[in-house]
Structures are given as C-alpha cells and as structure tokens.
Amino acid sequence: MNLRDEAAQLAPYIRDLRRHFHRRGELSFHEAETTRRIAAELTPLGYAIQTFPDYFGLIATLSGPEPGRTVLLRADIDALPLEEATGADYASETSGVMHACGHDCHTAMLLGAARLLASHRDELRGTVKLLFQSAEESGHGMQYYLDHGYADDVDAAFAIHVAPDIPEGTFAIPDGPLMASCTDLRCVVRGVSAHGSTPHLGKDAIVAASAILLNLQTIVSRMNNPLHPLVMTIGSVRGGKQFNILCDEVTMEGTIRSFDHEMSRRAPELFRQIAEDTAKALGCTAKFIPVSFEPVTANDHAPLTAMARRAAARLFGEDILRPMKPSMASEDFSLLMDRVPSIFARMGTAGAAPGSAFPLHSDHFCPDDGLLWHGAALHAAFALDFLSGKGDN
C-alpha cells in the first residue's frame with residue numbers, strides 16, 4: 001500500500017483528533033492537557049518523548065535503522081482568546097477560548113504523519129523529530145526550543161498551515177516570501193507635567209509622541225525601497241491624566257512588517273533613532289522597547305521547495321499545487337527558518353462547509369476536516385524524501 005492510501009485510511013483518526021483538540025483548546029503557554037494527549041498518542045508508536053518542566057509542547061523522536069540526517073516536522077498547538085460562534089457540535093467547551101487559526105488541524109495532521117512514519121520506520125535513513133510547539137500565537141513561542149538547543153541537530157524542517165483562501169486539500173508551496181516579518185514594539189515618551197495654562201514650564205509628551213508618529217512614516221515613504229512593501233502601524237496610544245495638565249508620559253504600541261529580510265532588521269533601529277531624536281528636539285525622551293520579532297517566513301532553499309512540491313504532486317497529482325499571494329501576517333516558524341533550511345507550506349481549507357468561508361482568527365472559522373489526511377501524507381513524504389537525499393539537488 002502506498003503512502004497516499006495509508007494516509008487516506010487514517011482520515012477518521014485525524015478527523016476525530018482534530019475535533020477533540022477543537023473542543024479542548026488551550027491558550028498560549030497553557031497547553032497542559034493538549035500536551036498530555038499528544039504524548040499519549042505517540043508513546044505506543046515507539047517515539048521517544050521529550051517534555052519540559054517549565055514549558056508545554058513536546059518533541060517526539062523516531063530514528064531509523066540507518067544513521068543519517070535529522071528532519072523536523074512542526075505543528076503549533078495553542079488556541080486563541082476568542083468566543084466561538086461556529087455552532088459546530090464539537091465547538092469549544094471552554095468559554096473565551098477557540099481554535100480559530102487551525103492549530104487543532106495542524107496537531108491532528110502531524111499525529112497522523114507520526115503514525116505513517118512509525119509504519120515506515122525501516123525506511124528512515126536518519127531521524128525524524130516532531131515538534132508540537134507551544135505558544136505560536138504569542139509571536140515567540142518557538143524561541144524556547146531554539147534557546148535550549150532542541151533544533152541544533154536539525155538539518156531541515158517543514159511545517160504546514162491551513163489556508164482558507166485556496167481550495168480544500170490543495171497545497172501552496174511557493175518560492176520566496178509567504179508571510180511578513182513582524183516586530184511588535186512599545187515606545188514610551190516621557191516629558192514634564194505642568195498646568196495647561198503654563199505650557200512653557202513643562203515638556204508635553206503628547207506633542208512629542210504626535211511628532212514621532214508623523215516622522216515614523218518617513219521610514220516607509222523615504223527610507224524603504226517602494227518596490228518592497230513595508231507596513232508600520234501604531235495601533236495604541238495612551239497618555240494624559242487630566243484635560244488641563246500637560247502629559248508627562250505617553251505609551252505607544254505597534255507593529256512593523258516587511259517581506260524584505262534586510263529591512264525587517266533595519267526598520268526597528270530606524271524607529272528607535274527617529275523616536276529618540278524627535279523626542280529630544282522637543283525636550284522629551286523616548287525609549288524604544290522591542291516586544292517580539294519574527295523574521296520573514298520565506299522558502300529560500302530552492303532544492304527543498306522543489307522537493308516538497310514534487311512530493312505533493314507524486315501523492316495527489318500536479319493539480320494539487322496552487323499559487324498563493326504572500327500575506328502581511330506573520331508566523332513564528334520563521335524563527336526556526338532563520339537557522340535551519342526549512343519549508344513552509346499552506347494547505348487549502350476552502351470547501352463546502354459554511355465555516356470554511358471565514359478567514360483565520362474569525363470566531364466563525366471552522367473548516368471541513370475530511371481532507372486533513374492530505375497534510376499528514378505530505379508531512380510524512382517530506383521527511384522520507386529528505387532523509388533519502390531527494391532534496392539535495
């Protein structure tokens with residue numbers, strides 16, 4: 001029996017797991033029950049399970065009879081702080097928590113792939129690591145595993161994310177950027193308070209913050225190559241205590257996003273310089289505080305990208321591959337991609353199910369799970385192909 005047929009037979013298993021995780025979604029950094037269930041599924045298959053005393057998620061390792069390279073497959077496992085409105089009979093049982101980004105699908109697909117790989121263990125020329133990752137929605141959940149060296153021995157990595165804007169069961173595996181970099185930031189502007197009738201005795205932090213906001217847009221309009229999209233958004237500004245008192249502190253929070261590797265690292269420093277210099281010119285100070293950074297999510301390793309596309313076409317035919325435009329959303333798998341040759345694929349969920357028409361992070365998002373086995377098959381095929389050397393040229 002070929003890998004596609006084996007995966008198809010796992011469709012009910014993958015569907016049931018997805019619905020289990022959907023009912024019992026857990027927020028970032030709190031995925032205790034989810035981690036336990038994943039471990040319970042993997043242990044009988046012969047995987048070595050590594051959990052962590054101070055963090056959720058786990059790494060499951062399976063080695064074949066022959067030594068070789070190591071490939072990592074990743075699924076994120078956390079849910080969002082959202083009240084579900086799908087009306088599904090397997091809707092979230094926890095008020096205010098919902099798998100609205102498809103991580104329940106990702107977890108179930110990778111558990112399906114785990115079964116496939118276990119049944120093909122004798123064919124593994126090396127080692128497979130399965131990372132069930134905590135806290136992707138936080139923007140930096142991946143960092144823990146990197147800081148502790150859990151990816152130091154990895155030669156290639158692969159992840160799949162569901163996509164409600166391409167047909168159900170199809171894949172988009174393009175070259176180049178798929179998702180933007182993301183720097184989340186805070187900027188605190190400090191001045192000196194005074195009575196509104198004597199503004200010359202104070203330093204107005206609101207005026208300084210306003211000038212910073214206007215000057216920041218010159219990064220987009222005058223410092224960035226206009227052929228490379230750059231988004232700089234300040235979405236929160238808080239300051240002031242009384243209508244007739246000069247404000248002495250303003251806190252701004254925002255995000256910077258780009259598809260350009262160089263600008264994604266340069267823009268935060270430009271932000272800091274403009275904020276500090278503008279505030280100083282007005283007698284105030286500004287402190288730039290980066291909260292998190294996710295690099296560009298980009299398939300920059302052409303042989304691996306081609307190998308992943310060939311695997312998908314071999315499993316399901318050439319028509320399974322679809323084009324897809326890049327998104328200004330971000331993904332913390334990019335933290336791993338920045339260190340290890342990696343491929344990020346999108347799997348379509350747009351189908352007949354009413355919930356499949358809604359975007360990710362919608363309280364109505366609820367894709368049909370009948371073709372999630374496609375993702376399990378591609379995960380397993382990528383691992384087997386890479387370890388056999390098919391992605392080397």
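Details of the structure are given in the entry above.
As a starting point, this report considers the structure included with it. Predicted model, so just to flag it, every value in this text is computed and none were measured. (Residues numbered from 1 in each chain as written. Predicted model: local features only at pLDDT ≥ 70, side-chain atom pairs only at ≥ 80, totals over all residues. Heavy atoms only, no water.)

Comments concerning the pattern of salt bridges
Item 1. Per the stated rule, a full pass over the model turns up 20 salt bridges.
Item 2. Between Asp76 and Arg74 there is a salt bridge whose closest N-O contact spans 3.5 Å. A single burial state applies to Asp76 and to Arg74, both of which are buried.
Item 3. What emerges from the salt-bridge pattern is a single network uniting Arg18, Arg19, Asp104 and Asp369. (Salt bridge = Lys/Arg side-chain N within 4 Å of Asp/Glu carboxyl O. Buried < 20%, exposed > 50% of the residue type's maximum accessible area, 1.4 Å probe, protein only.)

Notes on the sheet that holds strand E11 (residues 285-294)
Item 1. On the basis of which strands lie adjacent, the open sheet formed by four strands has the order E9-E10-E8-E11 and antiparallel pairing. Looking at the sheet topology across the chains shown, the edges are occupied by strand E9 (230-239) and E11. Each neighbouring strand pair of the sheet contributes to a mean axis angle of 20°, computed without reference to strand direction.
Item 2. Summarising the sheet, strand E8 (residues 181-190) and E11 pair through nine bridges and their orientation is antiparallel. Residue pairing for E11: Cys187 is matched across the bridge by Phe288.
Item 3. Sheet strands in contact with helix H6 (residues 205-223) are E8, E9, strand E10 (249-258) and E11, and its direction is about 175° off that of E9.
Item 4. Most of the contacts of helix H7 (residues 261-281) go to E11, to which it runs at about 165°, and overall it touches E8, E9, E10 and E11. (Pairing = 2+ DSSP bridges. Helix = DSSP H or I, 4+ residues; strand = E, 2+ residues; numbered from the N terminus. Axes fitted to C-alpha atoms, helices over the stretch in contact; angles between N-to-C directions. Contact = heavy atoms within 4.5 Å.)

Digging into the sheet that holds strand E5 (residues 156-167)
Item 1. Ordered by their spatial adjacency, seven strands build an open sheet running E1-E2-E4-E3-E5-E13-E6, and the pairing between neighbours is mixed. With partners counted over all chains shown, the strands left at the sheet margins are strand E1 (48-52) and strand E6 (171-172), one partner each.
Item 2. One ladder, built from seven bridges, connects strand E2 (residues 55-63) with strand E4 (residues 125-133); its direction is antiparallel. Paired with Thr61 across the bridge in E4 is Lys129.
Item 3. Contacting E1, E2 and E4, helix H3 (residues 32-42) crosses the sheet at an angle of about 15° to E2.
Item 4. Sheet strands touched by helix H4 (residues 103-119): E2, strand E3 (66-76), E4, E5 and strand E13 (342-350). Its angle to E3, the strand with the most contacts, is close to 155°.

Description of the packing of aromatic side chains
Each pair of aromatic rings is reported with the distance of its centres and the angle of its planes.
Item 1. Evaluation of the coordinates by the stated rule reveals 13 aromatic pairs.
Item 2. Both rings, one in Tyr144 and one in Tyr145, keep their centres 5.5 Å apart while their planes meet at 85°; by these two values the pair is edge-to-face.
Item 3. Of the aromatic side chains, those joined through ring pairs into one cluster are Phe29, Phe52, Tyr55, Tyr144, Tyr145 and Tyr150.
Item 4. In this structure, Arg115 is placed above the aromatic ring of Tyr13, and the distance from its NZ or CZ to the ring centre is 4.2 Å. (Phe/Tyr/Trp six-rings, centres within 6.5 Å; stacked < 30°, edge-to-face > 60°. Lys NZ or Arg CZ within 6 Å of the ring centre and 35° of its normal.)

A few points about the packing of H6 against H7
The description of two packed helices rests on the angle between their axes and on the distance between the axes.
Item 1. One can describe the packing of H6 onto H7 by two numbers: an axis separation of 9 Å at closest approach and a directional angle of 145°. Seen from above, H6 lies across H7 with right-handed handedness. For the pair formed by H6 and H7, the contact residues are Ala208, Ala211, Ile212, Asn215, Leu216, Thr218, Ile219 and Met223 on the first element and Met263, Arg266, Ala267, Leu270, Phe271, Ile274, Ala275, Thr278 and Ala279 on the second.
Item 2. Tallied by class, the residues present in the contact of H6 with H7 amount to 13 nonpolar, three polar and one charged. (Left-handed = near helix turned anticlockwise from the far one by under 90°. Nonpolar A, V, L, I, M, F, W, Y, C, P; charged D, E, K, R; others polar.)

Here's the deal with the side chain of Thr278
Item 1. Mapped onto the elements, Thr278 comes out in helix H7.
Item 2. Thr278 sits in the buried class, given a relative accessible area of 12%.
Item 3. Engagement of the side chain of Thr278 in a polar contact is seen with the side chain of Asn215, the distance being 3.0 Å.
Item 4. Ignoring sequence-local partners within four residues, the contact set of Thr278 consists of Ala208, Ala211, Ile212 and Asn215. (Polar contact = N/O pair within 3.5 Å; in protein donor to acceptor, adjacent residues only side chain to side chain.)

A look at the environment of Leu270
Item 1. Inspection of the secondary structure puts Leu270 in helix H7.
Item 2. Assessed through its relative accessible area of 10%, Leu270 is described here as buried.
Item 3. With 16 residues separating them in the primary sequence, Leu270 and Ala286 have C-alpha atoms 13 Å apart.
Item 4. Here Leu270 is in contact with Ile219 and Met223, once residues within four sequence places are set aside.

So, H4
Item 1. Between its first and last C-alpha, H4 extends 25 Å over 17 residues, near the 24 Å set by a 1.5 Å rise per residue.
Item 2. Among the 17 residues of H4, 14 are classified as buried, and the element is accordingly described as predominantly covered. (Expected span 1.5 Å × (residues − 1).)

That's the geometry; what it means functionally is another story.
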